[in-house]
Amino acid sequence: MRPIYLADLSWPDVEEYLTRDDRLLLVTGATEQHGRHLPVGTDNIIPFTLAERLSTRTGIPIAPVMNYGASEAHMAFPGTFSLSTETLQAVYLDLIQSSYRQGWRRLFIMNGHGGNIAAWSWAATVATKVKKDLKLYLSHWWTEARVRDFMREAVGRNEGHAGLEETAMMMAARPYLVRLNEAQGHADISEDIWTHSAEEVRQLIPLGAIGENPAQATTDLGEQLVEHLVREYEALIQGPW
Ligand SMILES: [Zn+2]
């Protein structure tokens, strides 16, 4: 089997699918700097890769990726675009509501960017309050307990933006886009760096990446993380929800 991309289907194809299933994979990410070694599309590419493998195994279609997210803190680095959280809330709610009107009832949301979590939580709460038969599963891959445990076991720590996890996942997803010879991050940077202004962020982390040593990433580590996640998500999607 191959992944099913909703954008490749005709409306009769979608109508036919909706007579037998109501599940949809919805990927959201960001277009923002990811250090000197990863592309600005990293937060889209990682969840999209997970979605492609899930779709291959389950036959559930993938909706077109929402490629822009809330990335204000990264705006001093070229290649970044940012939507405000208010804009994102409206976009996410509209996506949920238009899916619902078409007959989708179970949305598996695969978000690749931390800055989007607040908007997703708001939109999901508002939508499910009104539509009682709507089921949303919000997944933010790097927050999954399995990933955290796995990283601690494999390398003894978790890393952040453009760090070891993302670098390894990208090596599994698009190895030709990873510049391992330039993989370097700022160590001991706390997560509240993202509350600083864009200009301050660029001064505090001029490389753009955080994490002790993203250059330790390997394709093997990335593959293991991807497979762990896909197996876990597949069980959730195929189970009752
Ligand atoms: Zn990222």
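Small disclaimer: the values here were computed from a predicted structure and weren't measured.

Caption draft 1: Focus on the packing of aromatic side chains. The full count for this structure, using the stated rule, is 8 aromatic pairs. A centroid spacing of 3.9 Å and a plane angle of 5 degrees characterise the contact between Y92 and W120, whose relative ring orientation is stacked. Of this pair, Y92 sits in helix α3 (residues 85–102) while W120 is found in helix α4 (residues 117–130), placing the two residues 28 residues apart along the sequence. According to the relative accessible area criterion, Y92 is buried, its value standing at 0%. Judged by centre distance (5.0 Å) and plane angle (5 degrees), the ring pair of F108 and Y137 falls under stacked. Note that F108 is positioned in strand β2 (residues 106–111) and Y137 in strand β3 (residues 135–140), a separation of 29 residues in sequence. For F108, a relative accessible area of 1% gives the class buried. Chaining the aromatic ring pairs together yields one cluster made of F108, Y137, Y233 and W241.

Caption draft 2: Molecular detail of the coordination of the zinc ion. Binding of the zinc ion to the protein goes through H34 (NE2), D43 (OD) and E166 (OE), at separations of 1.9 to 2.0 Å. Summarised as a motif, the one-chain spacing of the donors to the zinc ion is H-x8-D-x122-E. Here H34, found in the loop between β1 (23–28) and α2 (42–58), pairs with E166, found in helix α6 (residues 164–173); they are 132 residues apart in sequence, far enough to count as distant. In this pair, the class of H34 matches that of E166, namely buried.

Caption draft 3: Structural view of the nonpolar core. Ranked by internal contacts, the top residues of the largest apolar core, which has 55 residues, are L25, L50, L54, M110, W141, M169 and Y233. When sequence neighbours within four positions are dropped, the list of residues in contact with M110 reads L25, L26, V27, T28, P47, L50, A51, L54, S139 and Y233. Ranked by size, the runner-up nonpolar core spans 6 residues in total, among them A73, F77, I193 and I205.

Caption draft 4: Structural view of the layout of surface pockets. By volume, the largest pocket amounts to about 630 Å³. Along the wall of the largest pocket there are 27 residues; nearest its centre are G114, W142, H161, E191 and W194. Here the residues of the lining of the largest pocket sort into 6 nonpolar, 13 polar and 8 charged. The calculated volume of the second largest pocket comes to roughly 230 Å³. In this structure, the second largest pocket is lined by Q33, H34, G35, R36, L38, P39, V40, F77, P78, R202, P206 and L207. Across the lining of the second largest pocket, the residue classes tally to 7 nonpolar, 3 polar and 2 charged.

Rules used in this analysis
Residues numbered from 1 in each chain as written. Predicted model: local features only at pLDDT ≥ 70, side-chain atom pairs only at ≥ 80, totals over all residues. Heavy atoms only, no water. Phe/Tyr/Trp six-rings, centres within 6.5 Å; stacked < 30°, edge-to-face > 60°. Helix = DSSP H or I, 4+ residues; strand = E, 2+ residues; numbered from the N terminus. Buried < 20%, exposed > 50% of the residue type's maximum accessible area, 1.4 Å probe, protein only. Donors = N, O, S within 2.8 Å, 3.2 Å for Na, K, Ca; no water. Core = buried A, V, L, I, M, F, W, Y, C linked by side-chain atoms within 4.5 Å. Contact = heavy atoms within 4.5 Å. 1 Å grid on protein atoms, 1.4 Å probe; cavity = no way out; pocket = protein on both sides within 12 Å on 5 of 7 lines; lining within 4 Å. Points joined across faces, edges and corners; volume = space filled by probe spheres on them. Nonpolar A, V, L, I, M, F, W, Y, C, P; charged D, E, K, R; others polar.

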